[in-house]
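A structural walkthrough
Given next are the chains, with one letter for each unit.
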Amino acid sequence: MVGQQDLALLLQWKKKQFLKFNEVLSVTEQMVESMERNDKFSVSMLLSMREDPVRQAQEIQDQIGEYLLQMPEADAIRANELLTGTENGQGMESALSNQVAQNRRLLDRIIRLDKFISQRLGGNRSFYATFREG
């Protein structure tokens, strides 16, 4: 069983990650608006502004991964189930599962907008045209 302190720390990291995803979403939405105005300068500037919160969200994910490696195996397996959304739980586990689901929904919105931007900017050369989804 994953300890309450471990769950609280994982939840804290996931909440911080949510804030970073919100920053990415905000900048991404501004990029879409700039594209609709054909404002290439703003799109370029916003694209570079998006790098920091994306990097910071990844750093949080890396911290979580490192933390899981330090946990006892059974706890790490259970925590990973909660973090990947394959399992729910009670109490603090449920709070962590809910935060993970909220992060996932936000990330899905970002990916949809990013796909639109990439296809609009890159056309047939965009990442999404090259690696089509199944």
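Here the structure is a predicted model, which means the values were calculated and not measured. (Residues numbered from 1 in each chain as written. Predicted model: local features only at pLDDT ≥ 70, side-chain atom pairs only at ≥ 80, totals over all residues. Heavy atoms only, no water.)

**Re the overall build of the chain**
Applicable threshold: Only DSSP runs of H or I covering at least 4 residues are called helices, and only runs of E covering at least 2 are called strands; the numbering of each starts at the N terminus. Burial classes: relative accessible area under 20% of the type maximum marks a residue as buried, over 50% as exposed, and values in between as partly exposed (1.4 Å probe, protein chains only). Throughout, a residue-residue contact means that at least one pair of heavy atoms, one from each residue, lies within 4.5 Å.
Scanning the chain from terminus to terminus reveals five helices and zero strands. Counting from the amino terminus, the chain carries its helices and strands in the arrangement α-α-α-α-α. Counting across all 134 residues of the chain, residues that qualify as buried make up 38%. Excluding contacts between residues fewer than 6 apart, the proportion of contacts in the chain whose partners are at least 24 apart in sequence is 62%.

**A word on the nonpolar core**
To be explicit about the condition: Here the nonpolar core consists of buried residues drawn from Ala, Val, Leu, Ile, Met, Phe, Trp, Tyr and Cys, with membership extended through side-chain atoms lying within 4.5 Å.
One finds Leu10, Ile64, Leu68, Met71, Ala79, Leu83 and Leu96 to be the most contacted residues of the largest nonpolar core, which totals 15 residues. Once residues within four sequence positions are removed from consideration, Leu10 is found in contact with Ile64, Tyr67, Ala79, Leu83 and Leu96.

**Here we look at the confidence of the model for the chain**
A low pLDDT score tells you not to read the predicted coordinates there in detail. To keep it simple, the criterion reads: Per-residue confidence from the prediction method is given by pLDDT, with values spanning 0 to 100.
Model confidence for the chain is summarised by a mean pLDDT of 91, while 93% of its residues fall at 70 or above. No element of the chain has a lower mean pLDDT than helix 5 (residues 127-130), which averages 67, and none a higher one than helix 1 (residues 4-36), which averages 97.

**Concerning helix 1**
As a reminder of what qualifies: Under the convention used throughout, the expected extent of a helix is 1.5 Å for every residue step, that is, one less than its residue count.
Counted at 1.5 Å a residue, the expected span for helix 1 with its 33 residues is 48 Å, and the 47 Å between its end C-alpha atoms agrees. In the stretch just after helix 1, Asn38 is the one whose phi turns positive, near 60°.

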